[in-house]
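# Examination of the molecular architecture
Below, each chain spelled out in residue letters.
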Amino acid sequence: MGLPALEFSDCCVDSPQFRERLKSHELELDKTNKFIKELIKDGKALIQALKNLSTAKRKFAESLNEFKFQCIGDAETDDEICIAKSLQEFAGVLQNLEDERTRMIENASDVLILPLERFRKEQIGAAKEAKKKYDKETEKYCTVLEKHLSLSAKKKEAHLHEADNQVDIVRHHFYEVSLEYVFKVQEVQERKMFEFVEPLLAFLQGLFTYYHHGYELAKDFNHFKTDLTISIQNTRNRFESTRSEVECLMKKMKENPHQHKSISPHTMEGYLFVQEKRSFVSTWVKYYCIYHREPKRMTMMLFDQKSGGKNGDEESFTLKSCTRRKSDSIEKRFCFDIEAVDRQGVITMQALSEEDRRLWMEAMDGREPVYTLNRDSQNEAMAQLDVIGFNVVKKFIYAIETRGIDEQGLYRIVGVNSRVQKLLSLVMDPKTCADVELNSTEWEIKTITSAIKHYLRMLPAPLMTFQYQRSFIKAAKLDNPEARVAEIHSIVHRLPEKNRQMLELLMKHLAKVAGHHQQNLMTVANLGVVFGPTLLRPQEETVAAIMDIKFQNIVVEILIENHQRIFKDMPVSEGGQGNSQPNPPRRRSEGSKTPSCSERPLTLFHTSSFSDKDKAVEKRNSVVVNSSADLSSVNCNSALSCSRLDSPPTGDGDHDGLQLPKQSRPSSLQNPKVLSSVSTGPASPSPTSPRSPSWPTLSAPSSESSPVSPPARKARALYACKAEHDSELSFIAGTVFEDVHSSREPGWLEGTLEGKRGLIPENYVEFV
């Protein structure tokens, strides 16, 4: 129930009921007054708390703004740059939000506290003053009335008349005060409905404005938040990959620290104890020494490993000689003497171990014989970038794209190792390659994807070569994204032909995989994490190299996203013209050195010493396969037609003074019937490049009435084999060219060698 209405007519009657109704109004005013006082107190506390919160948030934002991320390595990825910039973005958002909060706090006092205090003082205070006046007049009226009624009737008429007038005046004044009080009480009751609530509404409006400003900031921040979320996820994925690599390296270092010790060809550094004679007493002082081999400069630094600080200035001198100290000449072990050009006397030093002394003496050309560090040589990888390798990868890709391109975690989920090894051994073996049915459920998609990755890891050098590994990493570290693509584009076209063809085949496939990322969840970034360490593995396994894995991933991402531009278009040279021959044939002069493995294409014939494994690899690499240029035409059920090498060795081939080991002659070159089956028509495109002649295709033997003579057929078979290295031609020269030379077929040289000198060095043409 609400408050009863106060009628003005009741003021004249002043009944007990009127007094009860008036008292209920007075109690409500007292309650409202107390509530407003508490509300003002709580409002002031809230404003102070908001000020404290704003101050704390501003300090938090300043801390975020001042902190700078320091990443391992000399460059940061785009994701790391985005994450590092995020702290400043967070600080900016918080600062902007607190600026709006400050404006709200400044207005809160004007729109909330002051109006409430003014209402309490002016309205409720006036009602209280009216009540006091009403109570005073009530008391006065009652007193005057009682006094008047106590007058005796025997008083004079004039005196009684005067008393009546006085009572009437007091009664009239009491009625006026009563009416004014009732009016004020009801006015305050009605006025509080808007004058009390309106300040609260204004305060809430300020809060809503503040929160709306935060909402607008959140909308503006949403784009950066999305990018940051992706960057965090990519960085987490790279961290997991990097962490496993670092942990693996740490375990290897724990198991065999000497095998993985980093030895630079230019410097030798480490701790040595140097004998110093002071006051006829010899003491051994620990120094950190760095020796630069080229200028023969030794630098010694007094350093305390316990405290981690230098204890003196560096001392440097030029080495003159180094001699091992015999054990019977000094009581200390592992000692050697050195003499300096710019320092008098002999300096006796003690290494940390016998192996350490040997390394120091080796670096400083010690007088006693030094043996090289005994390291277990790595087993030569069995995989090669030959016809079998290309066709195996094509079969794998065809099976993946037709059977399981939408399978979740494609390339991320690893197959069972034993199954992967079995699949590779079957498809890489010419005897069993035709029996492998990749369409069968026997081979899971994860087994096939793992086989592709394992094949790439089995190559003697990474697909993108050790030679250009650092170049790719530097390109990924460029600030301009377009410059990264252009530089990687240029480096790709400097790769050996087979490496580039295999890389193009792989990137085209990975682009298709990424195109189905909604189903298989393998985005370009995820594929970069999977293939980066495989395609761009470093030559030396170090922590710094592992930290560059994130840039290896970026290189793969760029190759996938821009594979059409990179592999179809020629890179633009500095002069703005495309290079028509990105990989000109490498010709060696007589005085040139043998190119390194990273500088020449991987060949079909090995020139290294023939172990049992080498022979097996040579037999497999000499296989001639019927390939198709179109990937979709590679059927998983198709057989790889192969011709194997026979065992009888031939004479040695010699070129540029290089002694080559004896090679076994291919049976296809010994058997005229097999030679006659080699197609002598126009060369069809290569399965891996439209610019290269095709590999020979074995077909049914042609009729014996062929007009081409056997020597000419041998020579054409030589060109169909597309020899790519001097060792191949040196080997074939002893088996074919002497027959051609002895036959002296008229017009053979002009008709057969015309336009094909680019495939054979000039000295071999002269030999023919």
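The protein is annotated in an unreviewed UniProt entry as Rho GTPase-activating protein 26 from Carassius auratus.

## Details of the overall build of the protein
A tally of regular secondary structure across the protein gives 24 helices and eleven strands. When contacts within the protein are restricted to residue pairs at least 6 apart in sequence, those whose partners lie at least 24 apart make up 68%. With the model as given, the accessible surface of the protein reaches about 42,600 Å², and the carbon-plus-sulfur share is 53%.

## What to know about the nonpolar core
Residues Phe396, Tyr411, Tyr455, Phe472, Leu503, Leu535 and Leu559 are the most contacted members of the largest nonpolar core, which totals 67 residues. Broken down by element, this core gets its largest block of residues, nine residues, from helix α12 (residues 497-515). The next biggest cluster of nonpolar side chains, apart from the first, holds 36 residues, and it includes Phe18, Ile47, Ala127 and Tyr134.

## Thoughts on the pattern of salt bridges
The final tally for this structure, using the stated rule, is 31 salt bridges. Notably, a salt bridge pairs Arg21 with Asp10, separated by 2.7 Å at the nearest N-O pair. One end of the pair, Arg21, is in helix α2 (residues 16-66); the other, Asp10, is in helix α1 (residues 9-13), with eleven residues separating them in the sequence. One salt-bridge network, in which partners are shared between bridges, spans Lys184, Glu187, Arg191 and Glu195.

## A few points about unusual backbone geometry
Phi at Lys296 is positive, roughly 55°, even though this residue is not glycine. Within the element layout of this structure, Lys296 appears in the loop between β2 (281-292) and β3 (297-304). Assessed through its relative accessible area of 35%, Lys296 is described here as partly exposed. Even without being glycine, Tyr411 reaches a positive phi, approximately 70°. Looking at where Tyr411 falls in the secondary structure, it is placed in the loop between α7 (387-403) and α8 (417-427).

## So, the side chain of Glu26
Along the chain, Glu26 turns up in helix α2. Judged by its relative accessible area of 13%, Glu26 falls in the buried class. Among the polar contacts made by the side chain of Glu26, one reaches the side chain of Tyr181 at a distance of 2.4 Å. In contact with Glu26, not counting residues within four places along its chain, are Lys131 and Tyr181.

## Here we look at the pairing of strand β5 (residues 315-324)
Two elements, β3 and β5, share four bridges in a ladder whose sense is antiparallel. Note that in β5 the partner of Arg297 across the bridge is Thr318.

## Quick word on the packing of aromatic side chains
Each aromatic ring pair is described using two quantities: the centre-to-centre distance and the angle formed by the ring planes. Following the criterion strictly, the structure yields twelve aromatic pairs and no others. Look at Phe174 and Tyr175: their rings are 5.9 Å apart centre to centre, the planes differ by 50°, and that puts the pair in the tilted class. Judged by its relative accessible area of 1%, Phe174 is buried. Ring centres 5.0 Å apart and planes at 65° place the aromatic pair Tyr411 and Phe531 in the edge-to-face group. Taken together, the residues Tyr411 in the loop between α7 and α8 and Phe531 in helix α14 (residues 524-535) connect sequence positions 120 residues apart. Judged by its relative accessible area of 1%, Tyr411 is buried. The ring of Tyr271 carries Lys286 above its face, with NZ or CZ at 4.8 Å from the centroid. When the ring centre of Phe551 is taken as origin, the NZ or CZ atom of Lys477, which lies over that ring, is 5.1 Å away.

## Things to note about the packing of α8 against helix α9 (residues 445-458)
As a packed pair, α8 and α9 sit with axes 9 Å apart at the nearest point and diverge in direction by 70°. Put simply, α8 runs roughly perpendicular to α9. Both α8 and α9 take part in a crossing whose hand is right-handed. The residues of α9 that touch α8, namely those facing Arg419, Val420, Gln421, Leu423 and Leu424, are Thr447, Ile448, Ser450, Ala451, His454, Tyr455 and Met458. Of the residues assigned to the contact of α8 with α9, the class counts are seven nonpolar, four polar and one charged.

## Concerning the environment of Asp429
One can find Asp429 in the loop between α8 and α9. Owing to a relative accessible area of 29%, Asp429 belongs among the partly exposed residues under this scheme. Put simply, Asp429 and Ile388 are 41 residues apart on the chain and 9.0 Å apart in space, counted from C-alpha to C-alpha.

## Some words on the environment of Cys12
By the secondary structure assignment, Cys12 is in helix α1. Between the C-alpha atom of Cys12 and that of Arg171, which follows or precedes it by 159 residues, the distance is 9.2 Å.

## With respect to the environment of Phe221
With respect to the element layout, Phe221 can be found in helix α5 (residues 197-255). A relative accessible area of 17% means that Phe221 is categorised as buried. As for Phe221 and Glu89, which are separated by 132 residues in sequence, their C-alpha atoms are 8.7 Å apart. The contacts of Phe221, once residues within four sequence positions are left out, are Glu89, Phe90 and Val93.

## Thoughts on the confidence of the model for the protein
When pLDDT is averaged along the protein, the result is 74, and 70% of the positions lie at 70 or above. Considering each helix and strand of the protein separately, the mean pLDDT is smallest for strand β10 (residues 658-659), with a value of 35, and largest for α12, with 94. In the model, residues 369-381 has pLDDT below 50 throughout and makes 20 contacts with residues more than four positions away in sequence or in other chains.

## Overview of a nonpolar patch on the surface
A surface patch of nonpolar side chains, about 280 Å² in accessible area, is lined by Phe8, Leu179 and Phe183. The residue Leu179 is located in helix α4 (residues 157-195) in this model.

## Considering the packing of α4 against α5
The contact between α4 and α5 brings their axes to 4 Å, and the two run at 5°. Classified by the angle between their axes, α4 and α5 sit roughly parallel to one another. Between α4 and α5, the contacting residues are Lys192, Met193, Phe194 and Glu195 on the first element and Val197, Glu198 and Pro199 on the second. When grouped by side-chain class, the residues that make up the contact of α4 with α5 number four nonpolar, no polar and three charged.

## Here we look at the side chain of Gln552
Structurally, Gln552 is set in helix α16 (residues 549-561). Engagement of the side chain of Gln552 in a polar contact is seen with the backbone oxygen of Leu536, the distance being 3.1 Å. Apart from the residues lying within four places of it in its own chain, the contact partners of Gln552 are Gln469, Ile473, Gly532, Pro533, Leu536, Pro538 and Ala545.

## Some words on the pairing of strand β7 (residues 346-350)
Of all the five residues making up β7, four are buried; the element is thus mostly covered by neighbouring parts of the structure. Pairing between strand β6 (residues 335-340) and β7: five bridges, direction antiparallel. In the sheet register, Asp337 faces β7, and the bridge partner there is Thr348. Where β6 folds back on β7, the antiparallel hairpin that results is connected by five residues, among which Gly345 adopts a positive phi of roughly 85°.

Calculation rules
- Going along each chain's sequence as written, the residues are numbered from 1 onward.
- It should be noted that, the model being predicted, local features are given only for residues of pLDDT at least 70 and side-chain atom pairs only at 80 or more, the latter also being counted only at that level, while totals for whole chains, interfaces and linings use all residues.
- Only hydrogens and water are set aside; all other atoms, that is, all heavy atoms of the structure, feed into the side-chain values.
- Counting from the N terminus, the helices are DSSP H or I runs at least four residues long and the strands are E runs at least two residues long.
- By definition, residues are in contact when any of their heavy atoms lie within 4.5 Å.
- The method behind every accessible area is Shrake-Rupley, applied with a 1.4 Å probe, and residues are considered shielded solely by the protein chains displayed.
- In plain words, nonpolar cores are sets of buried Ala, Val, Leu, Ile, Met, Phe, Trp, Tyr and Cys residues tied together by side-chain atoms within 4.5 Å.
- When accessible area is computed with a 1.4 Å probe and restricted to protein chains, residues below 20% of their type maximum are described as buried, those above 50% as exposed, and intermediate ones as partly exposed.
- The salt bridge criterion pairs a side-chain nitrogen of Lys or Arg with a carboxyl oxygen of Asp or Glu, the two atoms within 4 Å.
- Polar contacts, as used here, are pairs of N or O atoms within 3.5 Å; protein pairs need one atom able to donate a hydrogen and one able to accept it. Residues neighboring in sequence count only if both atoms are side-chain atoms.
- Strand pairing requires that DSSP identify at least two bridges connecting the strands.
- Within 6.5 Å between ring centres, the rings of Phe, Tyr and Trp (the latter by its six-membered ring) count as paired, and their orientation is classed by plane angle as stacked under 30 degrees, edge-to-face over 60, tilted in between.
- Note on geometry: a ring has a charge over it if NZ (lysine) or CZ (arginine) is within 6 Å of the ring centre and within 35 degrees of the ring normal.
- Angular values range over 0 to 180 degrees, each being the angle between N-to-C directions of two axes fitted as lines to C-alpha atoms, with helices fitted over their stretch in contact.
- Working rule for angles: under 35 degrees goes down as roughly parallel, over 145 as roughly antiparallel, 65 to 115 as roughly perpendicular, anything else as oblique.
- Note on convention: the crossing is left-handed when the near helix lies turned anticlockwise from the far helix by less than a right angle, right-handed when the turn is clockwise.
- Following the grouping adopted for this structure description, the nonpolar residues are Ala, Val, Leu, Ile, Met, Phe, Trp, Tyr, Cys and Pro, the charged ones are Asp, Glu, Lys and Arg, and the polar ones are all others, Gly among them.
- As a per-residue quantity, pLDDT reports the predictor's confidence and falls between 0 and 100.
- Nonpolar side chains (Val, Leu, Ile, Met, Phe, Trp, Tyr) within 5 Å and like charges within 9 Å form the patches, drawn only from residues with over 30% relative accessible area and no salt bridge.

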